[in-house]
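Each chain, written out:
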Amino acid sequence: MTTVQNIAPVSELKAQAKRLREKLRGTGVQLSHSESLELVATQHGVRDWNTLHAMAGNRMLLRVGDRVRGTYLGQPFRGEVRALSTMGDGSHRRVTLHFDQPVDVVTFDSFSSYRQRVSGEIGWDGRSTRKTSDGQPQLVVMPE
């Protein structure tokens, strides 16, 4: 059975269903969109599309070159995804970001430390599991 960690985002699952329907149409098999969604669910080892949809949730789809915004160590940023890879069991991704403007990651008034390119681990929700001392995610990434 498929685990939640390695299920694609809903948008990709729908694209899979569309490709499947088009491919089968070429062989003379006519399917409705809902029938192709049910077949995709079966391919993932679950009983129906609703179950697969619930397992996938609204997982964020990011690609290299995408524009993003968010926070890094509590500081807001806008930037671009420069690298992206799936880690281990697929539940997290390693992302490298290039900020449009460097962000100061030090909260003291007496000195600064600017970062413009950072890497971190994020879940499919765009939030890192690592936290700052005040309990906030170190990195939060959202599509622009």
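Residues numbered from 1 in each chain as written. Predicted model: local features only at pLDDT ≥ 70, side-chain atom pairs only at ≥ 80, totals over all residues. Heavy atoms only, no water.

Colleague: Give me the sheet that holds strand 5 (residues 139-143): which residues, what numbers.
Modeller: One open sheet holds the five strands; their spatial order is 4-3-2-1-5, and the pairing between them is antiparallel. The strands lining the two open edges of the sheet, one partner per strand, are strand 4 (114-123) and strand 5. For this sheet, the mean inter-axis angle between neighbouring strands, taken without regard to orientation, is 35°. In this sheet, strand 3 (residues 92-104) lies alongside strand 2 (residues 75-87) in antiparallel orientation, the contact comprising eight bridges. Following the sheet pairing, Gly79 is matched in strand 3 by Phe99. (Pairing = 2+ DSSP bridges. Helix = DSSP H or I, 4+ residues; strand = E, 2+ residues; numbered from the N terminus. Axes fitted to C-alpha atoms, helices over the stretch in contact; angles between N-to-C directions.)

Colleague: Quick rundown of the packing of helix 1 (residues 10-26) against helix 3 (residues 49-56)? Include the residues and the values.
Modeller: Direction vectors running N to C along helix 1 and helix 3 enclose 145°, while the axes themselves pass 9 Å from each other. In contact with Val10, Leu13 and Lys14 of helix 1, helix 3 contributes Trp49, Leu52, His53 and Ala56. The class makeup of the residues in the contact of helix 1 with helix 3 is five nonpolar, one polar and one charged. (Contact = heavy atoms within 4.5 Å. Nonpolar A, V, L, I, M, F, W, Y, C, P; charged D, E, K, R; others polar.)

Colleague: I'd love a proper account of the packing of aromatic side chains, names of residues and values included.
Modeller: A full pass over the atoms with the stated rule returns three aromatic pairs. Note on Tyr72 and Phe99: the rings are 6.0 Å apart at their centroids and 50° apart in plane angle, and the pair reads as tilted. One end of the pair, Tyr72, is in strand 1 (residues 67-72); the other, Phe99, is in strand 3, and 27 residues separate them in sequence. Looking at Tyr72, the relative accessible area reads 15%, which means it is buried. One aromatic cluster is present, formed by Tyr72, Phe77 and Phe99 through successive ring pairs. A cation over an aromatic ring shows up here: Arg93 above the ring of Trp124, its NZ or CZ 4.0 Å from the ring centre. (Phe/Tyr/Trp six-rings, centres within 6.5 Å; stacked < 30°, edge-to-face > 60°. Buried < 20%, exposed > 50% of the residue type's maximum accessible area, 1.4 Å probe, protein only. Lys NZ or Arg CZ within 6 Å of the ring centre and 35° of its normal.)

Colleague: Lay out the side chain of Arg21 in plain terms, naming residues and giving numbers.
Modeller: With respect to the element layout, Arg21 can be found in helix 1. Of note is the side chain of Arg21, whose polar atom sits 2.7 Å from the side chain of His33. Not counting residues within four places of it along the chain, the set of residues in contact with Arg21 comprises Leu31, Ser32, His33 and Ser36. (Polar contact = N/O pair within 3.5 Å; in protein donor to acceptor, adjacent residues only side chain to side chain.)

Colleague: Residue-level account of the nonpolar core, with values.
Modeller: Core analysis: the biggest nonpolar cluster contains 15 residues, and Val68, Tyr72, Phe77, Leu97, Phe99, Leu139 and Val141 have the highest contact counts within it. If you list the elements that add at least two residues to this core, you get strand 1, strand 2, strand 3, strand 4 and strand 5. Per-element tally for this core: the top contributor is strand 3, with four residues. Among all residues touching Val68, those that are not within four sequence positions of it are Leu62, Phe77, Arg78, Gly79, Glu80, Val81, Leu97, Val141, Met142, Pro143 and Glu144. Grouped together as the second largest cluster of nonpolar side chains are 14 residues, Ala8, Leu37, Val40 and Leu52 included. (Core = buried A, V, L, I, M, F, W, Y, C linked by side-chain atoms within 4.5 Å.)

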